[in-house]
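# What the coordinates show
Listed here are the chains, written in short residue letters.
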Amino acid sequence: MSESSDCLFCKIIAGEIPSSKVYEDESTYAFKDINPKAKVHVLIVPKKHYANAAELAAADPAELAHIVSIAQQIANESFHGAYRLVFNTGLDAGQTVFHVHAHVLTGEKLDE
Ligand code: AMP
Ligand code: ZN
């Protein structure tokens with residue numbers, strides 16, 4: 001884990017940058033993506049800073065499982081439980097924020 005004072009999502013978690021909160025508990029925060037790619041597009045992040053999904057999986061697999069269960073909960077509430085879960089990992093895969101985040105896309109039928 002490498003805490004970053006320059007991290008956008010650490011600042012959102014700390015409330016220093018506003019966000020549209022969807023869910024929060026002691027370890028995890030979820031908020032609406034500012035540039036939604038589906039009717040419901042939520043980002044779920046661990047409050048602790050990990051750069052990507054592999055780092056999180058190695059350090060805290062229970063938190064990764066917790067994130068999946070929150071994604072399911074959001075999809076149950078906003079659709080009929082179907083959702084797409086994406087972790088962009090690495091610059092060349094489209095990762096732009098290096099604080100691990102699950103994209104939850106749901107709320108409507110998604111293109112294949
Ligand atoms: P990625 O490209 O996988 O790193 O995803 C970063 C996501 O963060 C993008 O989908 C952005 O639209 C989203 N994003 C960037 N800044 C904000 C913000 N201030 N609030 C909410 N979402 C944001
Ligand atoms: Zn961070």
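Looking up the protein in an unreviewed UniProt entry gives the name Histidine triad nucleotide-binding protein, with the organism given as Bifidobacterium colobi.

### Some points on the coordination of the zinc ion (ligand 2)
Only Cys 7 (SG), Cys 10 (SG), His 49 (ND1) and His 99 (ND1) from the protein coordinate the zinc ion (ligand 2), and they sit 2.0 to 2.3 Å from it. Bound by four donor atoms, the zinc ion (ligand 2) shows angles of 105 to 116° at the metal and therefore tetrahedral coordination geometry. In the primary sequence, the donor residues of the zinc ion (ligand 2) line up as C-x2-C-x38-H-x49-H. Separated by 39 residues along the polypeptide, Cys 10 in helix 1 (residues 8-13) and His 49 in the loop between strand 3 (40-46) and helix 2 (53-59) bring together distant segments of the chain.

### Here's the deal with the pattern of salt bridges
Applying the stated criterion to the full structure yields two salt bridges. Here Lys 47 makes a salt bridge to Glu 24, at a shortest N to O gap of 2.9 Å. Note that Lys 47 is positioned in the loop between strand 3 and helix 2 and Glu 24 in strand 1 (residues 21-24), a separation of 23 residues in sequence. Glu 24 gets classed as partly exposed once you look at its relative accessible area, which sits at 35%. In the salt-bridge network here, residues are joined through shared partners; they are Lys 21, Glu 24 and Lys 47.

### Side note on the UniProt feature "domain: HIT" (unreviewed entry) in the protein
Residues annotated by UniProt as "domain: HIT" (unreviewed entry) correspond here to residues 8-112. As annotated, residues 8-112 comprises 30% helix and 23% strand, and the C-alpha atoms at either end are separated by 30 Å.

### Comments concerning the site of ligand 1
Taken together, the neighbourhood of ligand 1 is formed by 16 residues, with Asp 33, Asn 88, Gly 94, Thr 96 and His 103 sitting nearest. Between ligand 1 and Asp 33, the relevant distance is 2.5 Å, taken from an oxygen atom to a side-chain nitrogen or oxygen of the residue. The contact in question runs from a nitrogen atom of ligand 1 to an N or O atom on the backbone of Ile 34, over 3.2 Å. Considered on its own, ligand 1 offers 500 Å² of accessible surface; in the complex 84% of this is hidden by protein. For the shell around ligand 1, the elements supplying multiple residues, two or more each, are helix 1 and strand 2 (28-32).

### Concerning the sheet that holds strand 3
One open sheet holds the five strands; their spatial order is 1-2-3-5-4, and the pairing between them is antiparallel. Every interior strand has two partners, whereas the edge strands, strand 1 and strand 4 (84-86), have only one. Ignoring which end each strand starts from, the neighbouring axes of this sheet average 20° apart. Sheet strands touched by helix 3 (residues 61-78): strand 1, strand 2, strand 3, strand 4 and strand 5 (102-106). Its angle to strand 3, the strand with the most contacts, is close to 155°.

What counts, and where the lines are drawn
Residues numbered from 1 in each chain as written. Chains lettered and ligands numbered in written order. Predicted model: local features only at pLDDT ≥ 70, side-chain atom pairs only at ≥ 80, totals over all residues. Heavy atoms only, no water. Donors = N, O, S within 2.8 Å, 3.2 Å for Na, K, Ca; no water. Tetrahedral: all angles 85-135°; square planar, octahedral: opposite > 155°, others 65-115°. Helix = DSSP H or I, 4+ residues; strand = E, 2+ residues; numbered from the N terminus. Salt bridge = Lys/Arg side-chain N within 4 Å of Asp/Glu carboxyl O. Buried < 20%, exposed > 50% of the residue type's maximum accessible area, 1.4 Å probe, protein only. UniProt positions renumbered as here; feature names shortened; annotations may be inferred. Near = heavy atom within 4 Å. Polar contact = N/O pair within 3.5 Å; in protein donor to acceptor, adjacent residues only side chain to side chain. Areas by Shrake-Rupley, 256 points an atom, 1.4 Å probe, with all protein chains shown as cover. Pairing = 2+ DSSP bridges. Axes fitted to C-alpha atoms, helices over the stretch in contact; angles between N-to-C directions. Contact = heavy atoms within 4.5 Å.

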